[in-house]
Structure formats: structure tokens, C-alpha cells
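Tertiary structure, described
Chain by chain, the residues:
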Amino acid sequence: LFDTDVDTIRQGYLSDNAIKCSLERKEKVYVIDSAVATCYKDSLAALITVLRDEPDIEDVFVVLHFNGPPEHFACLHVKKSSLVYYDSLRNYKNQRPFNEYPGLRDLGEMEFHVPAKDEWQVEEECGCMVVLRYWQLFHNAKHNKLRVKAARNQVLKYYNGDNNNE
């Protein structure tokens, strides 16, 4: 599994396991990986609602996998009173995430983060974006300018347990 994960990171299109293993545990943050989100797609909103109400959880970070087109990863950051959807690919008419996760509408008003002009990524980099966004939100890492090989190299460092953000 390790070799497969490393290969996907080097190629840019990460596997679910590579993403999951690149996210360092953080106190009071609950991560729902894309395998769980996909498996419980019909009840994902209910799961998030329960987690939101837990006193020892301040943030829920949800990794979403979309079958597409295009097939890719994005993420949802949930706090007690807010939802922010992050997607590094253009999202015309904000169809994602509701096209594949319609129950997320039940969580309330969702903010759609719009990347700066130079922050849009290509499909193959979406898994890297999810990992880098997690580190930015919960570990104050500054990765807005990392693209392509530099982004993959940083994710590989996180995957290997190197938490140096440079």
C-alpha cells in the first residue's frame, strides 16, 4: 500500500489512502475520509450534524470524492455555525457538491470558497489541494502558491511524517 500511495502522490492524482495518511491528527478536529463519505453518502449530512453537536469536536473536515466528470477530490470544512466548501476546479453554478451529495443542502447555508486567479488547479492536483488545505486550516501552513511538482513534494513530506512546511 505504501508504494502505491507514494506512486499516486508522485503522479499527482492521490488515492484516498494517500490523502488520509497525509493528514496529521489534530485535537478537536474530526476527519471524514472520502471512503466513509462515499459509503454514507445518503446519511452524510446526518453524520455531520451529530459530529457538530459533540462538545469535544470543534471542526469536521470532510474529504469528498466525485465520480465526475471530472473525477476528483474536494473538501468541506464544518464548524458549529458555518460550512465552507473548497474545490480547486471551476465549479459552474455551484453544482458541486450537491450533484453527488444532495443531502449536504440540509446542513444550512454553505460558503463556496473561490480560489484566487492563480490558485485554480488541474484535475490531477485536486488530492494535493485537499491535503494542503487541511494543513492550512489546522496547522497554519501557507501553501497557496504550491502547484504541480512542488505541491506533490509537500504532500509526500506530510505522508512520510515530515511536518516541515517548507
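Residues numbered from 1 in each chain as written. Predicted model: local features only at pLDDT ≥ 70, side-chain atom pairs only at ≥ 80, totals over all residues. Heavy atoms only, no water.

Attention now moves to the pattern of salt bridges. Throughout the structure, instances matching the rule amount to five salt bridges. Between Lys20 and Asp33 there is a salt bridge; the shortest N-O distance is 3.7 Å. With Lys20 in helix H2 (residues 16–21) and Asp33 in the loop between strand S1 (29–32) and helix H3 (34–39), this residue pair connects regions lying 13 residues apart in the sequence. A salt bridge links Arg96 to Asp87; the shortest N-O distance between them is 2.6 Å. In this structure, Arg96 and Asp87 share a single accessibility class: buried. (Salt bridge = Lys/Arg side-chain N within 4 Å of Asp/Glu carboxyl O. Helix = DSSP H or I, 4+ residues; strand = E, 2+ residues; numbered from the N terminus. Buried < 20%, exposed > 50% of the residue type's maximum accessible area, 1.4 Å probe, protein only.)

Within the largest apolar cluster, 28 residues are counted, with the highest numbers of intra-cluster contacts made by Leu14, Ile19, Phe61, Val130 and Val131. If you list the elements that add at least two residues to this core, you get helix H1 (2–11), H2, strand S2 (59–66), strand S3 (72–79), strand S4 (83–86), helix H5 (126–139) and helix H6 (148–159). Counting residues per element, this core draws most heavily on H5, at nine residues. Excluding its chain neighbours within four sequence positions, the residues that come into contact with Leu14 are Thr8, Ile9, Ile19, Phe73, Gly127, Cys128, Val131 and Val155. (Core = buried A, V, L, I, M, F, W, Y, C linked by side-chain atoms within 4.5 Å. Contact = heavy atoms within 4.5 Å.)

Reading across from one edge, S1-S2-S3-S4-S5 is the order of the five strands in this open sheet, with mixed pairing throughout. Of all the strands in the sheet, the pair left with one neighbour each is S1 and strand S5 (111–113). Adjacent strand axes in the sheet meet at a mean angle of 20° when their direction is disregarded. Alignment of S3 against S4, held across four bridges, turns out to be antiparallel. Across the sheet, residue Leu76 finds its bridge partner in S4, namely Tyr85. Along the sheet, helix H4 (residues 44–52) contacts S1, S2, S3 and S4; its crossing angle with S1, the most-contacted strand, is approximately 170°. Its contacts with the sheet place H5 against S1, S2, S3, S4 and S5, and it is angled at close to 20° to S3. (Pairing = 2+ DSSP bridges. Axes fitted to C-alpha atoms, helices over the stretch in contact; angles between N-to-C directions.)

We now examine the packing of H5 against H6. Following both chains from N to C, one finds H5 and H6 inclined at 60°, their axes separated by 10 Å at the closest point. Here H6 runs oblique to H5, going by the angle between their axes. Between H5 and H6 the crossing geometry is left-handed. Counting all contacts with H5, which are made through Cys128, Val131, Leu132 and Trp135, the residues of H6 involved are Ala151, Arg152, Gln154, Val155 and Tyr158. For the contact of H5 with H6, the residue count by class is seven nonpolar, one polar and one charged. (Parallel < 35°, antiparallel > 145°, perpendicular 65-115°, else oblique. Left-handed = near helix turned anticlockwise from the far one by under 90°. Nonpolar A, V, L, I, M, F, W, Y, C, P; charged D, E, K, R; others polar.)

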